Amino acid sequence: MIPGPLDPPARLLMGPGPISAYPSVLRAMSAPLVGQYDPFMTSAMAETQELYRGVWNTANEATVLIDGTSRAAIEAAIVSLVRPGDRVLVPVFGRFGHLLAEIAERALAEVHTIETDWGQVFPASVIEEAIVRVKPTLLALVQGDTSTTMNQPLEDIGDICRRHGVLFYSDATASLGGNAFDADAWGLDAATAGLQKCLGGPSGSAPITLSPRAVEVVTARRRIEAGIREAGDTSSADFVRSNYFDLAMILEYWGPRRLNHHTEATSMLYAARECARVLLSEGRDEVVARHALAGRAMLEGVRGLGLTVFGDVAHKMNNVVAVEIPDGVPGDAARAALLADFGIEIGTSFGPLHGRVWRIGTMGYNARKDAVLTTLVALEAVLRRFGARVPVGGGVEAAAGVYAGAA
Ligand SMILES: *Cc1c(COP(=O)(O)O)cnc(C)c1O
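Since the model is a prediction, treat every value here as computed from it, not as a measurement.

Engineer: Whenever I open this one, the packing of helix H10 (residues 284-304) against helix H13 (residues 394-406) confuses me. Can you help?
Structural biologist: Helix-helix packing: each pair is described by the crossing angle between the helix axes and the interaxial distance. The geometry of H10 relative to H13 is characterised by a closest axis approach of 7 Å and an angle of 150° between their N-to-C directions. Compared by their axis directions, H10 and H13 come out roughly antiparallel. The crossing of H10 and H13 is right-handed. Packed against H10, whose contacting residues are Leu293, Ala294, Arg296, Ala297, Glu300, Gly301 and Gly304, the element H13 presents Gly394, Gly395, Ala398, Ala399, Val402, Tyr403 and Ala406 at the interface.

Engineer: Teacher, can you tell me more about the packing of aromatic side chains here?
Structural biologist: Where two aromatic rings form a pair, the distance of their centres and the angle of their planes describe that pair. The final tally for this structure, using the stated rule, is 5 aromatic pairs. Seen from their ring centres, Trp56 and Phe181 are 5.3 Å apart, and the 65° between their planes marks the pair as edge-to-face. Within this pair, whereas Trp56 is found in helix H2 (residues 39-56), its partner Phe181 is found in the loop between strand S8 (167-171) and strand S9 (190-192), the two being separated by 125 residues in sequence. Accessibility classification places Trp56 together with Phe181 in one group, the buried group. Ring pairs connect the aromatic residues Trp56, Phe181 and Trp186, which therefore count as one cluster. Across the ring face of Tyr253, the terminal group of Arg258 is positioned such that the distance to the ring centre comes to 4.9 Å.

Engineer: Help me out: how do you make sense of the site of the ligand in this one?
Structural biologist: Looking at the ligand, the residues that line it are Thr69, Ser70, Arg71, Phe96, Val142, Gly144, Thr146, Asp171, Thr173, Ala174, Gln196 and Lys197. The separation between an oxygen atom of the ligand and a polar side-chain atom of Thr69 is 2.6 Å. Within the contact set of the ligand, an oxygen atom lies 3.0 Å away from a backbone nitrogen or oxygen of Arg71. In the shell around the ligand, the residues fall into 3 nonpolar, 6 polar and 3 charged.

Engineer: Would you mind going over the domain arrangement of the protein chain with me for this structure?
Structural biologist: By convention, interface size is frequently given as the accessible area that disappears when the constituent parts associate. Assigned domains within the protein chain: domain 1 (22-279) and domain 2 (284-406). With centres defined by C-alpha atoms, the gap from domain 1 to domain 2 works out at 30 Å. Listed as interface residues are 29 residues of domain 1 and, on the opposing side, 23 residues of domain 2. Overall, the association of domain 1 and domain 2 removes approximately 2,200 Å² of surface from exposure, summing both partners, and the carbon and sulfur fraction of that is 64%. Of all residues in domain 1, Tyr22, Trp118 and Thr149 bury the most surface against domain 2, accounting for 26% of the area lost on that side. Across the contact surface, domain 1 and domain 2 share 0 salt bridges. Mapped onto the side of domain 1 that touches domain 2, the elements with two or more residues apiece are H2, strand S6 (144-145) and strand S7 (150-151). Counted by class, the side of domain 1 that touches domain 2 contains 11 nonpolar, 15 polar and 3 charged residues.

Engineer: I'm lost on the layout of surface pockets in this one. Help?
Structural biologist: Any space left empty among the atoms is revealed by the rolling of a water-sized probe across them. In this structure, the largest pocket encloses a volume near 420 Å³. For the largest pocket, the lining is made up of 20 residues, of which Leu251, Glu252, Trp254, Gly255 and Pro256 are closest to its centre. For the lining of the largest pocket, the elements supplying multiple residues, two or more each, are H2, strand S2 (62-67), helix H7 (212-231) and helix H8 (247-254). With 5 residues, H2 is the single largest residue contributor to the lining of the largest pocket. A class-by-class count of the residues in the lining of the largest pocket yields 9 nonpolar, 5 polar and 6 charged.

Procedures and definitions
Residues numbered from 1 in each chain as written. Predicted model: local features only at pLDDT ≥ 70, side-chain atom pairs only at ≥ 80, totals over all residues. Heavy atoms only, no water. Axes fitted to C-alpha atoms, helices over the stretch in contact; angles between N-to-C directions. Helix = DSSP H or I, 4+ residues; strand = E, 2+ residues; numbered from the N terminus. Parallel < 35°, antiparallel > 145°, perpendicular 65-115°, else oblique. Left-handed = near helix turned anticlockwise from the far one by under 90°. Contact = heavy atoms within 4.5 Å. Phe/Tyr/Trp six-rings, centres within 6.5 Å; stacked < 30°, edge-to-face > 60°. Buried < 20%, exposed > 50% of the residue type's maximum accessible area, 1.4 Å probe, protein only. Lys NZ or Arg CZ within 6 Å of the ring centre and 35° of its normal. Near = heavy atom within 4 Å. Polar contact = N/O pair within 3.5 Å; in protein donor to acceptor, adjacent residues only side chain to side chain. Nonpolar A, V, L, I, M, F, W, Y, C, P; charged D, E, K, R; others polar. Domains from an automatic or database assignment. Buried area = accessible area lost by both parts, 1.4 Å probe. Salt bridge = Lys/Arg side-chain N within 4 Å of Asp/Glu carboxyl O. 1 Å grid on protein atoms, 1.4 Å probe; cavity = no way out; pocket = protein on both sides within 12 Å on 5 of 7 lines; lining within 4 Å. Points joined across faces, edges and corners; volume = space filled by probe spheres on them.

What follows is the structure, encoded as structure tokens:
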């Protein structure tokens, strides 16, 4: 039996990502393909680089896409910037800090972590103390960790790294577009993201930007590597142990010479270009403000339903909120009912929060008043069905109040 044509159900994706894509992003992905060296392709790639300089708020020439999901760019950054034996410091405040540490371990770095409780962020002074103690080559720090909803302040970290001669890398996958990010002003040497959070696209393309200092590190390894290859000594620490994620080669592919490496994922390039175009046409600050408003409306909405919000709310990302599952309500069954009866997806959680909280996102296209209010109506109905006592209309009233106050 041959299945029928693909026909996904209508969904409102209000979890921590992936989220529903902007309609124009889906249209861009259905545009005709061109060859890898078609002048149109080269100009679309150059436009995309320039658009992402705007998204990252950077003048970095080395602003490109890695083909793959967000962790493809994380691997590219770490495997290209870190040599086996280098010390890497990872402050961990949620699940994705553990991921950065794991990827650095696989790159044979000497990994040092510091941890804080889930629901908290690090003061800059604590990160500086650890830098002084560990003397890392690279600091790898998540900006927004969707597992805890926290948004680690980055603005003082770049100066600290500069003073101690440390490269500064941040994974901004969850936060970019929905929260301020200033790659140059904050002294980032590398930053990576994905499309499926606040940028409003599907997963599968990973924007990355590298400072001139970071570019110097990868190109120096490339120069040394040429000699290593001639000598047949691929055990050298300078030898990058990945072809696909070797940033020196990827930059040569995106650069003026367009040296052959992979075949750029054309439809994902179209999607990434449209995500950035949509964001910059609305305005970077305006998009952050829209996420802040939708996030505040969702926060007050769940409180209006009598639910308790998890974590240090003052440091919460704009685009996701973690709410404690009320006693007696079966978390997974309630989520399943939201999906089956309302077509709305919200998120479960990991690690210490598993079974304790749901995570509700308001990102990209779905950072919208109607999406917020519809979700709150459905959540109220489902909570009541599972026996929770909730104020009638309390969620919508509180959220609508936030929107009215902002009007
Ligand atoms: C969602 C998320 C990712 C996701 O990685 P994928 O490879 O796209 O699944 C990575 N880092 C952070 C901080 C995230 O929130």
